[in-house]
Amino acid sequence: MNILMNVFKIFTKYWDMLLEGVGMTLMLSAIAVAFGIVIGIVLALMRLSNFKIGKVKPLGAIATAYTEVIRDTPLLLQLYFFYFLIPMIFPGVDLGKIFSVALAMSLNSGAYVAEIIRSGIMAVDKGQTEAARSLGLNYQQTLRKVVLPQAIKNILPALCNEFVTIVKESSLASTFFAGDIMTQYKTINSITYLAIEPLIVSGIIYFVLGFTLSKAVAALERRMKND
Amino acid sequence: MTNNILEVYDLHKSFGELQVLKGVTEHIAKGEVVSVIGPSGGGKSTFLRCLNLLEVPTSGQILFDGIDITAKGVNVDLHRQRMGMVFQHFNVFPHMTVGQNITMAPTLLGKKSQAEADEMAKELLSTVGLYEKLNEYPNRLSGGQKQRLAIVRALAMEPEVMLFDEPTSALDPEMVGEVLAVIKNLVKGGMTTVIVTHEMGFAREISDRVFFMDGGILAEKGSPEEIFGNPQNPRTKEFLGKVLY
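Just so we're clear, the structure is a prediction, and the values are computed from it rather than from any experiment.

Caption draft 1: Here's a closer look at the overall build of chain B. Per the secondary structure count, chain B includes nine helices and 10 strands. For a compact globule of 245 residues, the expected C-alpha radius of gyration is about 18 Å, and chain B comes in at 18 Å, within 12% of that figure. The principal-axis extents of the C-alpha atoms in chain B amount to approximately 50 × 45 × 35 Å. By residue count, 55% of the 245 residues in chain B fall in the buried class. Contacts in chain B between residues far apart in sequence, at least 24 positions, make up 66% of those at least 6 positions apart.

The structure is reproduced here in structure tokens:
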């Protein structure tokens, strides 16, 4: 009963801190997805391009290598990497830890978004492309008029799911006290010397965020299937 | 100028190690109706798909209206605009209405204004009995209706040749007739047509010439009477024996 009381107290006493944490978590996630989409589109186009030097597709190879490195190393490692790399590249300029955290998360998310876009495009039946090309449309026209409008239905829900994932993964930013929900947990923990209670509080907040977003995605998915 | 709309010289196509076409040379005249028959894996579809370069030949030449479309630097898209193609699995565009399926290519490629294309779509749909489906989406159509739509979609580009790749193979039996009727009408109107089909009766009825393809070559060719009535090649005999009885 003591625990429940403490949980309640933390909510009432530290609500402004927690709210700040929610703000930072959502902001970091939004930045990561927004830039992730830009990076992802570029990577996906690189992988789909037919530009060749001899037998090699250099653009595709670079994009594939990037995607693999990002996806097969831990996000936490990448966060550390940019945390230390940024001051080395810009010595004397204090860009702040939020910058390096947001950068690492964007670059990370870009690799996943690229895969989402690529698989969304690949999932469109090959016959659609053939039909469009047989009518005389060129590659770009086919992509724009026939493939992408169908791919978007596969891509959009997956992108939203990626956002839900990032909201949870952004908790790693607390390693650098970036001010997200998990950072606030650490702060409250050190003020109150309570371990479990602030963890439950943070857990509830993450759950509410994740659950709401997932339900919203599911609703979106249903709507897209209907039309 | 010859009267040939399509000339194929020593066409080879391999997929990796697998040789699918092993040297096909053939001419198709303007207005001619050619059926391509033969066992699965014999190269029929690949041959047809090479004609509009959906498959790029490994070697050989294809002349369309006297122009070598296999030559380097040729804009294939421009030539494809003059060749219609109909697929086994229809490949209608599910995100467009029936009308948009028809008008998209002619308007996008500058052949028609939107108003002209809309008018044409209505006319074309009436000829295949789909006028009232104009504003429906393809998921509301039956297989036979989808294939009729696919045919008029190709016709909207006013092609000089129509290529049919097993147009009735994916259809329920009761829908085969309505699609064949549309093709028959087209052929009667003088459209140059190459059709890969397993409908032997239909091939016999509409064709000027029949190609029997097996093992990547044109094993036998001739008039429908010759091929179906008195085949010479033992493989043709064997194939027709299995199909007809």
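Resuming the write-up.
Caption draft 2: Examining the interface of chain A and chain B more closely. Contact residues are listed per partner, giving 18 residues for chain A and 22 residues for chain B. If you sort the residues of chain A by the area they bury against chain B, Glu130, Ser134 and Leu135 of chain A come out on top, with a joint share of 36%. In this structure, the connection of chain A to chain B is made through two salt bridges. In this structure, aspartate 77 of chain B engages arginine 133 of chain A in a salt bridge whose closest nitrogen and oxygen atoms are separated by 3.1 Å. Linking chain A with chain B are six residue pairs in polar contact (both at pLDDT 80 or more). Elements with a contribution of two residues or more to the side of chain A that touches chain B: helix 6 (126-134) and helix 7 (139-169) of chain A. Of all the elements, helix 6 of chain A adds the most residues to the side of chain A that touches chain B, at seven residues. Classifying every residue of the side of chain A that touches chain B gives six nonpolar, seven polar and five charged.

Caption draft 3: Highlighting the sheet that holds strand 8 (residues 192-196) of chain B. Residue and element names in this part refer to chain B. Reading across the sheet, the six strands line up as 6-7-8-3-9-10 and stay open at both edges, with mixed pairing between neighbours. Looking at which strands have only one partner, the edges of the open sheet turn out to be strand 6 (83-86) and strand 10 (217-222). Neighbour-to-neighbour, the strand axes of the sheet open up by a mean angle of 20°, direction not taken into account. Pairing between strand 9 (residues 209-214) and strand 10: five bridges, direction antiparallel. Note on strand 10: the bridge partner recorded for methionine 213 is leucine 218. Relative to strand 7 (residues 161-165), helix 1 (residues 44-51) is tilted by about 150°, and along the sheet it contacts strand 3 (33-37), strand 6, strand 7, strand 8 and strand 9.

Caption draft 4: Summary view of helix 1 (residues 2-13) of chain A. Residues and elements named next belong to chain A. With 12 residues, helix 1 should reach 16 Å at 1.5 Å per residue; the first-to-last C-alpha distance of 16 Å fits that figure. Listing the buried residues of helix 1 in full gives Asn6, Val7 and Ile10. Down the axis of helix 1, the smallest arc covering the buried residues is 105°, so these residues share one side. Opposite the packed face of helix 1, turned more than 90 degrees from it, sit the exposed residues Leu4 and Phe8.

Caption draft 5: Structural detail: the pattern of salt bridges. Using the criterion set out here, one finds 20 salt bridges over all chains in the structure. A salt bridge links lysine 112 of chain B to glutamate 158 of chain B; its shortest N-O distance comes to 3.1 Å. Here glutamate 158 of chain B lies in the loop between helix 5 (143-155) and strand 7 and lysine 112 of chain B lies in the loop between helix 3 (98-108) and helix 4 (114-127), a separation of 46 residues in the sequence. Exposure remark for lysine 112 of chain B: the relative accessible area of 18% places this residue in the buried category. A network of salt bridges, in which partner residues are shared, links Arg47, Arg71, Glu115 and Arg118 of chain A.

Caption draft 6: Geometry of the packing of aromatic side chains. Going through the model one piece at a time under the given rule, you end up with seven aromatic pairs over all chains. Ring centres of tyrosine 83 of chain A and phenylalanine 176 of chain A lie 4.5 Å apart, and the angle between their planes is 35°; on these two criteria the pair is classed as tilted. Here phenylalanine 176 of chain A lies in the loop between helix 7 and helix 8 (181-192) and tyrosine 83 of chain A lies in helix 4 (residues 75-89), a separation of 93 residues in the sequence. Ring centres of phenylalanine 207 of chain A and phenylalanine 211 of chain A lie 5.4 Å apart, and the angle between their planes is 20°; this geometry places the pair in the stacked category. One end of the pair is phenylalanine 207 of chain A and the other is phenylalanine 211 of chain A, both in helix 9 (residues 196-226) and four residues apart, which spans about a single turn. With a relative accessible area of 54%, phenylalanine 207 of chain A lands in the exposed category. Taken together, Tyr80, Tyr83, Phe84 and Phe176 of chain A form an aromatic cluster joined through their ring pairs. The ring centre of phenylalanine 93 of chain B lies 4.4 Å from the NZ or CZ of arginine 153 of chain B, which sits over that ring.

Conventions adopted
Residue indices follow the written sequence of each chain, beginning from 1 at its first position. To read the labels, note that chains go from A and ligands from 1, taken in the order they are written. Reporting in this predicted model follows two pLDDT cut-offs: at least 70 for local features of residues, and 80 or more for side-chain atom pairs to be given and counted; totals over whole chains, interfaces and linings ignore these cut-offs and use all residues. The side-chain values count all of the structure's non-hydrogen atoms but skip hydrogen atoms and water molecules. Labels follow the DSSP assignment, with helices taken as runs of H or I lasting at least four residues and strands as runs of E lasting at least two, numbered in each case from the N terminus. Throughout, the radius of gyration refers to the C-alpha atoms, and the reference size of a globule is 2.2 Å times the residue count to the power 0.38. Using a 1.4 Å probe on the protein chains alone, a residue whose accessible area is under 20% of its type maximum counts as buried, one over 50% counts as exposed, and one in between counts as partly exposed. Here, residues are in contact when the closest pair of their heavy atoms is within 4.5 Å. The buried area of a pairing is the accessible area, by a 1.4 Å probe, that goes missing from both parts when the two are put together, added over both. Take a side-chain nitrogen of Lys or Arg and a carboxyl oxygen of Asp or Glu: if they are within 4 Å of each other, that pair is a salt bridge. Definition of a polar contact: a pair of N or O atoms within 3.5 Å, with one able to donate and the other able to accept a hydrogen when the atoms are protein atoms, and with sequence-neighbouring residues admitted only if both atoms are side-chain atoms. Residues are grouped as follows: Ala, Val, Leu, Ile, Met, Phe, Trp, Tyr, Cys and Pro are nonpolar; Asp, Glu, Lys and Arg are charged; all remaining types, including Gly, are polar. Only when DSSP finds a minimum of two bridges between them are two strands counted as paired. Fitted lines through C-alpha atoms give the axes, limited to the stretch in contact for helices. The angle between two N-to-C directions lies from 0 to 180 degrees. To estimate the expected span of a helix, count its residues, drop one, and scale the result by 1.5 Å. In this description, one arc is meant: the one made by directions from the helix axis to the C-beta atoms. Each aromatic pair joins two rings of Phe, Tyr and Trp (for Trp, the six-membered one) with centres within 6.5 Å, and gets the label stacked for planes under 30 degrees apart, edge-to-face for over 60, and tilted for any other angle. Whether a charge lies above a ring is judged from NZ of Lys or CZ of Arg, which has to be within 6 Å of the ring centre and within 35 degrees of the ring normal.

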